Amino acid sequence: MLGSCQTKSILEYLRAGGRGRAKGRADPEKEESRRQRRERRKREGEEEEVAEASRLLLRVLHVSENPAPLTITAGPEVKGVRPFLVGAVVRGMDLQTGNALKRFLTSQTKLHEDLCEKRTAATIATHDLRAVRGPLLYTARPPQDLKIVPLGRKEIKAKDLVRQLQAEAEEHRKQRKRQTVSGLHRYLHLLDGKEQYPCLLDADGDVISFPPITNSEKTKIKKTTCDLFLEVTSATSLQICKDIMDALVLKMAEINKYTLENKEEGSVSDTEADATSGHLSEPGRRPSPERDGSAPLVVEQVRVVDEEGHLKVVYPSKTDLDIAAAHVTVIR
């Protein structure tokens, strides 16, 4: 009986022990699968962190949140001349580091060549916001009545500026023995047959933009510029203006992020950068503000209204900056 009990206990013990060992033994295939899942989750987490760090951030400041929003009044005179206009304010650009200003002006030239179809579809103008006094007026004037201080030149009437540019174009053509012209001279034909020229005036009554030809020296972009007023005008459509403004703001965000993440030793002066965009100017002061590389660019809404104050367009609206790019985040 004793032997029987011992045998029974031993058998039960062995059975229990066998089950215990079976439970405790690691299945090599399952362990390998778990290890691979852990590594995959770790890699995905690291990739998400890298992707988040490399995102371009744009924060939209709505008119209702802005204590001093910029407004543009569009007069009826532009209806048959160049009726479409959108504006925006962008804050937080770093143009003083390295070749940031040169890259910015070069990117604007490329947009003029490509999306703007050599300014036939639309024209971009960028201004130092500190020099812009609002509210602004978008209107049209006879060439003999429109006065501007063009980039790199003295004050001149629009009709005389056009005549001067035409003479320069002819001289350049003879010197280079070419049939084509370069720089601003390529756009003079866009004014052919116009009895009035479009222009943007500030609160002082000064012309700060003469599309599609030039901006004013008064609001010229410098290396010290960090807040900008942007405008896009078109004789074709409002949507073209919006699409090009989207592309311009995105390009600014890309340039700003690159500038903040890549500290360059070389740097061009205002004069050198201006020469890249086809005009000359005086060098400006260079402060050295420290910027947070993760800080988003702030895009402030700008309203365009008619003479009675009725809204014509606001940019960016809910449907603007709808950028289908994984590396861009728009905070509204």
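Source: prediction; values computed, not measured.

How should the packing of aromatic side chains be read in this particular structure?
Between two aromatic rings, the relevant description is the distance of the centres plus the angle of the planes. Across all of its chains, the model carries one aromatic pair by this definition. Arranged with centres 5.4 Å apart and planes meeting at 25°, the rings of tyrosine 197 and phenylalanine 210 form a pair that is stacked. Of this pair, tyrosine 197 sits in strand S8 (residues 197-201) while phenylalanine 210 sits in strand S9 (residues 207-210), and the two are 13 residues apart along the sequence. With a relative accessible area of 7%, tyrosine 197 lands in the buried category. Exposure remark for phenylalanine 210: the relative accessible area of 0% places this residue in the buried category.

How should I be thinking about the packing of helix H3 (residues 100-113) against helix H5 (residues 238-261) in this particular structure?
Packed helices, taken two at a time, are described by the angle their axes make and the gap between the axes. Direction vectors running N to C along H3 and H5 enclose 155°, while the axes themselves pass 10 Å from each other. One element, H3, and the other, H5, form an angle in the roughly antiparallel class. Judged by the sense of rotation from one axis to the other, the crossing of H3 with H5 is right-handed. Here Ala100, Arg103, Phe104, Ser107 and Leu111 of H3 come into contact with H5, specifically with Ala247, Leu248, Lys251, Met252, Ile255, Tyr258 and Thr259. The residue makeup of the contact of H3 with H5, split by class, is eight nonpolar, two polar and two charged.

Just checking my understanding: could you explain the confidence of the model for the protein for this structure?
Detailed reading of the predicted coordinates is not advisable wherever pLDDT falls low. Looking at the protein as a whole, its pLDDT mean stands at 84, while 78% of the residues score no less than 70. Every residue in residues 19-23 scores below 50 in pLDDT, and together they form zero contacts with partners more than four places removed in sequence or on other chains. Note that residues 275-293 has pLDDT below 50 and, in this model, 41 contacts with residues that lie over four places away or in other chains.

Got a minute to help me understand the environment of glutamate 168 in this structure?
With respect to the helices and strands, glutamate 168 occurs in helix H4 (residues 158-176). The exposure class of glutamate 168 is partly exposed, given its relative accessible area of 24%. On a C-alpha basis, the gap between glutamate 168 and histidine 185 in space is 7.9 Å, while along the polypeptide they are 17 residues apart. Not counting the four nearest positions on each side in its chain, glutamate 168 is found in contact with Arg153 and His185.

How should the pattern of salt bridges be read in this particular structure?
Close approach of charged atoms allows side chains with opposite charge to pair. Inspection of every chain in the model, using the stated rule, returns 16 salt bridges. Notably, a salt bridge pairs arginine 153 with glutamate 168, separated by 3.1 Å at the nearest N-O pair. Of this pair, arginine 153 sits in the loop between strand S6 (147-148) and strand S7 (156-157) while glutamate 168 sits in helix H4; the two residues are 15 residues apart in sequence, bridging distant segments of the chain. Accessibility expressed as a relative area gives 27% for arginine 153, which makes it partly exposed. The salt bridge partner of aspartate 204 is lysine 218, with a shortest N-O separation of 3.1 Å. Of this pair, aspartate 204 sits in the loop between S8 and S9 while lysine 218 sits in the loop between strand S10 (214-215) and strand S11 (227-234), placing them 14 residues apart in sequence. A single network of salt bridges, built from pairs that share partners, joins Arg133, Asp202, Asp204, Asp206 and Lys218.

Can you help me understand a positive patch on the surface in this one?
Among the surface-exposed residues, Arg37, Arg38, Arg40, Arg41 and Arg43 lie close enough to one another that they form a single positively charged patch. You can see arginine 41 is positioned in helix H2 (residues 28-53).

Would you mind showing me how to read the side chain of asparagine 66 here?
Following the sequence through the fold, asparagine 66 ends up in the loop between strand S1 (56-61) and strand S2 (71-74). We classify asparagine 66 as buried; its relative accessible area is 11%. Engagement of the side chain of asparagine 66 in a polar contact is seen with the backbone nitrogen of alanine 68, the distance being 3.0 Å. Aside from chain neighbours lying at most four places away, what touches asparagine 66 is Leu61 and Glu300.

Scoring rules and cut-offs
Residues numbered from 1 in each chain as written. Predicted model: local features only at pLDDT ≥ 70, side-chain atom pairs only at ≥ 80, totals over all residues. Heavy atoms only, no water. Phe/Tyr/Trp six-rings, centres within 6.5 Å; stacked < 30°, edge-to-face > 60°. Helix = DSSP H or I, 4+ residues; strand = E, 2+ residues; numbered from the N terminus. Buried < 20%, exposed > 50% of the residue type's maximum accessible area, 1.4 Å probe, protein only. Axes fitted to C-alpha atoms, helices over the stretch in contact; angles between N-to-C directions. Parallel < 35°, antiparallel > 145°, perpendicular 65-115°, else oblique. Left-handed = near helix turned anticlockwise from the far one by under 90°. Contact = heavy atoms within 4.5 Å. Nonpolar A, V, L, I, M, F, W, Y, C, P; charged D, E, K, R; others polar. pLDDT = per-residue confidence, 0-100. Salt bridge = Lys/Arg side-chain N within 4 Å of Asp/Glu carboxyl O. Patch = residues over 30% accessible without salt bridge, like charges linked within 9 Å, V, L, I, M, F, W, Y side chains within 5 Å. Areas by Shrake-Rupley, 256 points an atom, 1.4 Å probe, with all protein chains shown as cover. Lys, Arg positive; Asp, Glu negative; His and termini not counted. Charge placed at Lys NZ, Arg CZ, Asp CG, Glu CD. Polar contact = N/O pair within 3.5 Å; in protein donor to acceptor, adjacent residues only side chain to side chain.

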